[in-house]
Each structure stands twice: as C-alpha cells, then as structure tokens.
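# Coordinates in review
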Amino acid sequence: LGYQSFRSSLHTFINHRQQSLPARIERYKWSVGKDVGRGIWGSDPPKILSDVVEAVLGAVHADGGFQAGQLAVETMMRPLMDAVKTLKGDATVFRHPITILNEIG
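The shown structure was predicted, so the numbers you read here are calculated from the model rather than taken from an experiment.

Turning next to the overall build of the protein chain. Helix and strand counts for the protein chain come out as five helices and zero strands. When its helices and strands are written in sequence order, the protein chain yields α-α-α-α-α. Across the 105 residues in the protein chain, those meeting the buried criterion constitute 23%. Within the structure as shown, the protein chain displays about 7,500 Å² of accessible surface, and the carbon and sulfur contribution to it stands at 58%.

Structure below.
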C-alpha cells in the first residue's frame, strides 16, 4: 500500500509535524526510483504512506457505500494487480530479495 500511495502521489497531501518524515519519504522515493530499479522491494516505506491509502479507501467506503468503495479499491490497486498478472509465471518476483539470498547462502 505504501508503494501505491507513493505512485499515486498521495504523500503530497500529508499534513504532519514530524521533522524526519520528508527525508524518509525522499529516501523511499530514491529506493523505488527507476535509476535504482528495485521497485516495490526498494525498501520499507514510512508507515504513514500505507495509512493514507487505507484512510482514503475507508472514507470512500463510508461515504459512498460498498459499491463505491470496491470501485475505489479496484481503481487504486489496478496497476499493481496488472503487474501481478503479468509476472505470475515468475515466482521469484514475489519473494523478497533477502529471502532469496538467505536460501542461496
């Protein structure tokens, strides 16, 4: 969810007082960026990123009802689900790189 929050630019709407958060978001931005190429496994996102997605989807469910909530989930998660369908044949894609390294060693 944190990755999807970042991809959707929801992090730009966070109103916070925590001084370390902007730097943590920037580090996460760098780690999932195209130059580094680690994508979803780039690093652990700040927890607030996934909290924002959960809050938005919960608000849509509460305000618009079940159908609107389900449509919001589908719309928000569609890019990730499409990627999962595309990569379904390659089981190593879904495993964390550190797990793979531990099994090799």
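And the narrative resumes.
When the pLDDT values of the protein chain are averaged, the result is 79; 79% of them are 70 or greater. In the model of the protein chain, helix α5 (residues 97-104) stands out as the element of lowest mean pLDDT, 78, in contrast to helix α3 (residues 47-64), which has the highest, 90.

By size, the foremost hydrophobic cluster in this structure holds 14 residues, and its most contacted members are Leu10, Ile14, Tyr28, Leu49, Val53, Leu57 and Met76. Of all the elements in the fold, those that place two or more residues in this core are α2 (21-32), α3 and α4 (66-86).

One pass over the full model with this rule turns up two salt bridges. For the salt bridge of Asp51 with Lys47, the shortest nitrogen-to-oxygen distance reads 2.7 Å. Note that Asp51 and Lys47 are positioned in helix α3 at a spacing of four residues, about one turn of the helix. Relative accessible area serves as the criterion here: at 27%, Asp51 is assigned to the partly exposed category.

A few words on the packing of α3 against α4. Relative orientation of the contacting elements α3 and α4 amounts to 150°, with a least axis distance of 6 Å. The pairing of α3 with α4 is recorded here as roughly antiparallel in orientation. α3 and α4 meet at a crossing whose hand is right-handed. Of the residues in α4, those in contact with Val53, Leu57, Val60, His61 and Gly64 of α3 are Phe66, Ala68, Gly69, Gln70, Ala72, Val73 and Met76. Among the residues forming the contact of α3 with α4, the class breakdown is eight nonpolar, four polar and no charged.

Turning next to the side chain of Ser5. For Ser5, the position within the fold is in helix α1 (residues 2-7). Relative accessible area serves as the criterion here: at 0%, Ser5 is assigned to the buried category. Engagement of the side chain of Ser5 in a polar contact is seen with the backbone oxygen of Leu49, the distance being 3.1 Å. Excluding residues that lie within four positions of it along the chain, Ser5 makes contacts with Leu10, His11, Leu49, Val52 and Val53.

Here is what the cut-offs are and how they apply
Residues numbered from 1 in each chain as written. Predicted model: local features only at pLDDT ≥ 70, side-chain atom pairs only at ≥ 80, totals over all residues. Heavy atoms only, no water. Helix = DSSP H or I, 4+ residues; strand = E, 2+ residues; numbered from the N terminus. Buried < 20%, exposed > 50% of the residue type's maximum accessible area, 1.4 Å probe, protein only. Areas by Shrake-Rupley, 256 points an atom, 1.4 Å probe, with all protein chains shown as cover. pLDDT = per-residue confidence, 0-100. Core = buried A, V, L, I, M, F, W, Y, C linked by side-chain atoms within 4.5 Å. Salt bridge = Lys/Arg side-chain N within 4 Å of Asp/Glu carboxyl O. Axes fitted to C-alpha atoms, helices over the stretch in contact; angles between N-to-C directions. Parallel < 35°, antiparallel > 145°, perpendicular 65-115°, else oblique. Left-handed = near helix turned anticlockwise from the far one by under 90°. Contact = heavy atoms within 4.5 Å. Nonpolar A, V, L, I, M, F, W, Y, C, P; charged D, E, K, R; others polar. Polar contact = N/O pair within 3.5 Å; in protein donor to acceptor, adjacent residues only side chain to side chain.

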